[in-house]
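Results of the structural survey
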Amino acid sequence: GVSFQVQRGEIFGVLGPNGAGKTTTIKTLLGLIFPTKGRLSLFGHARPEPDVMRRLGYLPENPYVYQYLKPHEFLDLCGRLCGIPASERKKKSDAILERVGLTHAIDRPIGRFSKGMMQRIGLAQALLHDPELLILDEPMSGLDPIGRKQVRDILASERAAGKTLVFTSHILSDVEMLCDHVVMID
């Protein structure tokens, strides 16, 4: 029984308690699981086709990355998967690591990152290819107060750049500070 529409250029929040179905809704939008009834579309397409998927960035609730890779190696892999030319990947990786506050950890394997640092590298990969739509599942999970503020600022700057953002949360204050519209799932 979930129904909502997200307008281009807004930050849209999906709010609800743990277990309400926020992540399930996101995974359905992404085509990772399939609805038993109803319909959905991204950019006017009923199925998430490759051309549609290239236009979005996704941060799962619990990002998984190869633990032995260092940040540049991981972002290089993500950049290759997104089709970013080799000549641009290092420059984009440097810029995004600076933006998410991970330059101090560029020589550290990701497996040694804290939960908050893992969220930051996950956000970095979602932003790397400059997507039109960002879908972020609990993007501030595991972040300390300073990290939460930094991520809120990044999300607000993405909206200011004309991007559309959808993010889930069960923290009302995060949603109140950022969102133009909200759907509540109970």
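Data block above holds the structure.
As a starting point, this report considers the structure included with it. As the structure is a prediction and not an experimental result, all values here were calculated from the model.

Parameters at a glance
- All residue numbers refer to position in the chain's written sequence, counted from 1.
- Reporting of local features is limited, given that this is a predicted model, to residues whose pLDDT is at least 70; pairs of side-chain atoms are given and counted only at 80 or more, and all residues count toward the totals for whole chains, interfaces and linings.
- Heavy atoms throughout the structure, all of them, feed into the side-chain values; hydrogens and water do not.
- Residues enter a nonpolar core if they are buried and are Ala, Val, Leu, Ile, Met, Phe, Trp, Tyr or Cys, with the set joined through side-chain atoms within 4.5 Å.
- Accessibility here uses a 1.4 Å probe with only protein chains present; expressed as a share of the type maximum, an area under 20% marks a residue as buried, one over 50% as exposed, and anything in between as partly exposed.
- Helix and strand definitions here come from DSSP, where helices need a minimum of 4 consecutive H or I residues and strands a minimum of 2 consecutive E residues; each element is numbered from the N-terminal end.
- Contacts are assigned to residue pairs that have any heavy atoms within 4.5 Å of one another.
- Pairing between strands is defined by DSSP: at least two bridges between the two strands are required.
- Only C-alpha atoms enter the line fits that serve as axes; for helices the fit covers just the stretch in contact. Angles between N-to-C directions range over 0 to 180 degrees.
- Only residues whose relative accessible area exceeds 30% and that form no salt bridge enter a patch; like-charged residues are grouped when within 9 Å of one another, and nonpolar side chains (Val, Leu, Ile, Met, Phe, Trp, Tyr) when within 5 Å.
- Residue burial considers only the protein chains on display, and all accessible areas are found by Shrake-Rupley using a 1.4 Å probe.
- Salt bridge, as applied in this entry: a Lys or Arg side-chain nitrogen positioned within 4 Å of an Asp or Glu carboxyl oxygen.

**Topic: the nonpolar core**
With 36 residues, the main nonpolar core has Phe74, Leu75, Phe113, Ile121, Leu123 and Leu136 as its most contacted residues. In terms of residues, this core owes the most to one element, helix α5 (residues 115-127), which gives seven residues. In this structure Leu75 touches Ser93, Ile96, Leu97, Ile121, Ala124, Gln125 and Leu128, once residues within four positions along its chain are discounted. With 14 residues, the next largest nonpolar core counts Ile26, Leu42, Val166 and Ile185 among its residues.

**Focus: the sheet that holds strand β1 (residues 11-15)**
Paired through their backbone hydrogen bonds, the strands of a sheet run either parallel or antiparallel. Spatially, five strands are ordered β2-β3-β4-β1-β5 in an open sheet, and the strand pairing comes out parallel. On the outer flanks of this sheet lie β2 (56-59) and β5 (181-184), each paired with one strand and no other. Going from strand to strand, the sheet's axes swing by 15 degrees on average, the running direction of each strand aside. Across the sheet, helix α1 (residues 22-29) is in contact with β1, β2, β3 (133-137) and β4 (164-169); its angle to β4 comes to roughly 145 degrees. Sheet strands touched by α5: β2 and β3. Its angle to β2, the strand with the most contacts, is close to 170 degrees.

**Observations regarding a nonpolar patch on the surface**
Together, Tyr64, Tyr66 and Tyr68 give the surface a local cluster of nonpolar side chains, amounting to about 440 Å² of exposed area. Turning to its location among the elements, Tyr64 is positioned in the loop between β2 and α3 (71-82).

**Some remarks on the pattern of salt bridges**
Following the criterion strictly, the structure yields 13 salt bridges and no others. Across the salt bridge formed by Arg80 and Asp76, the nearest N and O atoms sit 3.2 Å from each other. Linking Arg80 with Asp76, this pair stays in helix α3, spanning four residues, or about one helical turn. Look at Arg80 and you get partly exposed, because its relative accessible area is 49%.

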